[in-house]
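# Architecture and fold: a report
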Amino acid sequence: MDIASSSLSQAHKVVLTRQPSSRVNSCSLGSVSAIGFSLPQISSPALAQCRRKQSSSGFVKACVAVEQKTRTAIIRIGTRGSPLALAQAYETREKLMSKHPELVEDGAIHIEIIKTTGDKILSQPLADIGGKGLFTKEIDEALINGHIDIAVHSMKDVPTYLPEKTILPCNLVREDVRDAFICLTAASLAELPAGSVVGTASLRRKSQILHKYPALHVEENFRGNVQTRLSKLQGGKVQATLLALAGLKRLSMTENVASILSLDDMLPAVAQGAIGIACRTDDDKMATYLASLNHEESRLAVSCERAFLLTLDGSCRTPIAGYAAKDEEGNCVFRGLVASPDGTKVLETSRKGPYVYEDMVKMGKDAGQELLSRAGPGFFGN
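Residues numbered from 1 in each chain as written. Predicted model: local features only at pLDDT ≥ 70, side-chain atom pairs only at ≥ 80, totals over all residues. Heavy atoms only, no water.

Looking at an unreviewed UniProt entry, one finds the protein named Porphobilinogen deaminase, chloroplastic, with Capsella rubella as its source organism. Check the Subcellular location (unreviewed entry) section of the UniProt entry for the protein; it says "Plastid, Chloroplast". Checking UniProt for the protein, the heading Cofactor (unreviewed entry) contains the comment "dipyrromethane". (UniProt positions renumbered as here; feature names shortened; annotations may be inferred.)

Dropping the structure here:
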C-alpha cells in the first residue's frame, strides 16, 4: 500500500460516547459496542503542505504519492475533495491498476481534486441553492475542457441529464443501498422520545421519517461530509442522524452504526450506493478502460431508477425514492416512492419484469408516470 492509500485510513480519532442505557442493533455488522471512529484524511505533514494548492483553473491538486507524476499521466481522474469522494477515486484507481499493468507505474494515474459549488456553500439547504448538480458541474466542465480524462461521481449526485460531450458508461459494483441510523442514546428511530431532533439534509429521509414518526422533528440544513455530520451529532446539535451505509463502508466507519434501516422503513435514494464514472464522448481510449470496470447488473439497476427519477422530473426539492434489484429468479424488481415534504402523504408503487435494459427503463418510466398521475398537481408543494 502506498502513502496515498494508507493515509486515507490513518486515524484522526474522535470518540462519541454512547449512553450506557442504549441498546445497539448490530444488524449483521457484528458487535457494535463502541462508537469511536476514525476520520480518514491525508495527514502526513509533507503531503499536507501541497495537498491543497489552488491553480488558476480553479482546481485543487492532490499532491500525494500517486499524484506526484514521474511522467505524463495516462489517466487523470477528477473528483471532489471529501474523504468519501477520495475513497471512491482511490477505489477506481485500484480497479484500473488491477486490470491494466501499464497503469501500475507511479504517476500513470493522477487524481485531480476539484472543489464544487456544493462543497463551498454549506450554510443553505441544497434545494435553495440549485440542487444536486452543484456537486458535479465543475467536474463535468473540467472533463469537457480536457483538464481531466474521467470523472468519478456518487451516482445519486448526478443529474438525470448528462452534459453534452460526455457519457457515463461505467458503474462499479454497487454497495449496500440501505440507510444507517446513528445515535448516542437510542438503537432505532422508534426508540427516540417525542420531540427528538433528527438531522438530515435529505427531503427523502425527512418525509419518510415524519410519515412514520410524526412526533419527531427534523433539522433540514444538516449538511457537510460524513465526519462533519458526526461531529455535529457529538456536539448535541441533533439527537440522531441517518447516513448512507455505503459511504460508511467505503470509509471503514461502520462502527458508528446503531442500526440499519430496512427497505420497508426507509426506501433509498435513486442510485444510492453506486459509483459512476464518466468520460468524453469522443475518447475511445478512456471508454475502453471504463468498459473493463463496468458492472452491468449495477448499471442496469441504476438506469431503471434514473428513468423513474427523470419521469418525475425529480430534484432536491422533491422527496423521491427508488430501488431496482435482481430477484432470485433473475427478474428486476423495482420499488418507487414519492412523498409530500412534510411526510403526511406517501405514494408507493412497484414493478417486476425482465432484467434487460429496455424493459427496466420502461419499468422506471411507467412507475414514474403512475405516481405523477396519482399525486396530481401541487403534490410536492412547489
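What follows is about the overall build of the protein. Counting its regular elements, the protein contains twelve helices and 17 strands. Relative to its 382 residues, the protein shows a buried fraction of 53%. In the protein, 70% of the contacts between residues at least 6 apart in sequence involve partners at least 24 apart. Surface exposure of the protein reaches about 16,500 Å², of which carbon and sulfur atoms provide 50%. (Helix = DSSP H or I, 4+ residues; strand = E, 2+ residues; numbered from the N terminus. Buried < 20%, exposed > 50% of the residue type's maximum accessible area, 1.4 Å probe, protein only. Contact = heavy atoms within 4.5 Å. Areas by Shrake-Rupley, 256 points an atom, 1.4 Å probe, with all protein chains shown as cover.)

Moving on, we get to the pattern of salt bridges. All told, the structure shown has 23 salt bridges when counted by the stated rule. The partner of Arg 80 in a salt bridge is Asp 157, and the shortest N-O contact between them spans 3.7 Å. Here Arg 80, found in the loop between strand S5 (75–79) and helix H3 (83–99), pairs with Asp 157, found in the loop between strand S7 (150–154) and strand S8 (166–171); they are 77 residues apart in sequence, far enough to count as distant. Measuring nitrogen to oxygen at the nearest pair gives 2.8 Å for the salt bridge that ties Arg 351 to Glu 370. Here Glu 370 lies in helix H12 (residues 357–375) and Arg 351 lies in strand S17 (residues 346–354), a separation of 19 residues in the sequence. (Salt bridge = Lys/Arg side-chain N within 4 Å of Asp/Glu carboxyl O.)

So, on to the side chain of Lys 232. By the secondary structure assignment, Lys 232 is in helix H8 (residues 226–234). Glu 219 provides the closest opposite charge to the buried, salt-bridge-free Lys 232, at an N-O distance of 7.7 Å. Within the local environment of Lys 232, its side chain forms a polar contact with the backbone oxygen of Arg 223, the two atoms lying 2.9 Å apart. When sequence neighbours within four positions are dropped, the list of residues in contact with Lys 232 reads Phe 222, Arg 223, Lys 237 and Val 238. (Lys, Arg positive; Asp, Glu negative; His and termini not counted. Polar contact = N/O pair within 3.5 Å; in protein donor to acceptor, adjacent residues only side chain to side chain.)

Grouped together as the largest cluster of nonpolar side chains are 33 residues, with contacts concentrated most on Ile 148, Met 155, Phe 308, Cys 332, Val 338 and Met 360. Within the residue set of this core, elements represented by two or more residues are helix H6 (137–144), helix H11 (296–312), strand S15 (320–326), strand S16 (331–339) and H12. For this core, the leading source of residues is H11, giving seven residues. Counting contributing residues per domain, this core is built from domain 1 (72–172 + 274–294) and domain 3 (296–381), each supplying no fewer than three. Leave out the neighbours within four places in its chain, and Met 360 touches Leu 300, Ala 301, Cys 304, Cys 332, Pro 354 and Tyr 355. (Core = buried A, V, L, I, M, F, W, Y, C linked by side-chain atoms within 4.5 Å. Domains from an automatic or database assignment.)

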